[in-house]
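Residue-level structural notes
Now for the letters of each chain:
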Amino acid sequence: MHIEDSIRSAYVKVQVMVSAREGASGIEYAIVAAMCAAVIGIFMTPISDRVKVLFNLIETSLLST
């Protein structure tokens, strides 16, 4: 599953919860917040590692010219 799919899925769940007419309890909001935090926690390290590699490549190519 790609990060875009995970973010889109979390966004849809939040929109469904917010638009519910019955009103959501605090625990439901806490569960959604925990899911968002888990998705961010899972994907932040790989993304930051890729960005670091990209910037290192740019730096190396600039220094070698």
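Quick note: structure is the one above.
Note that the structure is a prediction, hence the values are computed from the model and not measured.

Cut-offs used in this document
Residues numbered from 1 in each chain as written. Predicted model: local features only at pLDDT ≥ 70, side-chain atom pairs only at ≥ 80, totals over all residues. Heavy atoms only, no water. Helix = DSSP H or I, 4+ residues; strand = E, 2+ residues; numbered from the N terminus. Buried < 20%, exposed > 50% of the residue type's maximum accessible area, 1.4 Å probe, protein only. Areas by Shrake-Rupley, 256 points an atom, 1.4 Å probe, with all protein chains shown as cover. Expected span 1.5 Å × (residues − 1). Bend = angle between axes of the 7 residues up to and from the residue. Patch = residues over 30% accessible without salt bridge, like charges linked within 9 Å, V, L, I, M, F, W, Y side chains within 5 Å. Salt bridge = Lys/Arg side-chain N within 4 Å of Asp/Glu carboxyl O.

Here's the deal with the overall build of the protein chain
Helix and strand counts for the protein chain stand at two helices and zero strands. Across the 65 residues of the protein chain, 6% fall into the buried class. For the protein chain, the computed accessible surface area is about 5500 Å², with 69% contributed by carbon and sulfur atoms.

Points about helix α2 (residues 26-64)
The first and last C-alpha atoms of α2 sit 56 Å apart over 39 residues, in line with the 57 Å expected at 1.5 Å per residue. Largest kink in α2: about 35°, centred on M44, with the proline P46 one to four residues after it.

Digging into a nonpolar patch on the surface
On the surface, a cluster of nonpolar side chains totalling about 550 Å² of accessible area is made up of I47, V51, L54, F55, I58 and L62. Note on placement: L54 falls in helix α2.

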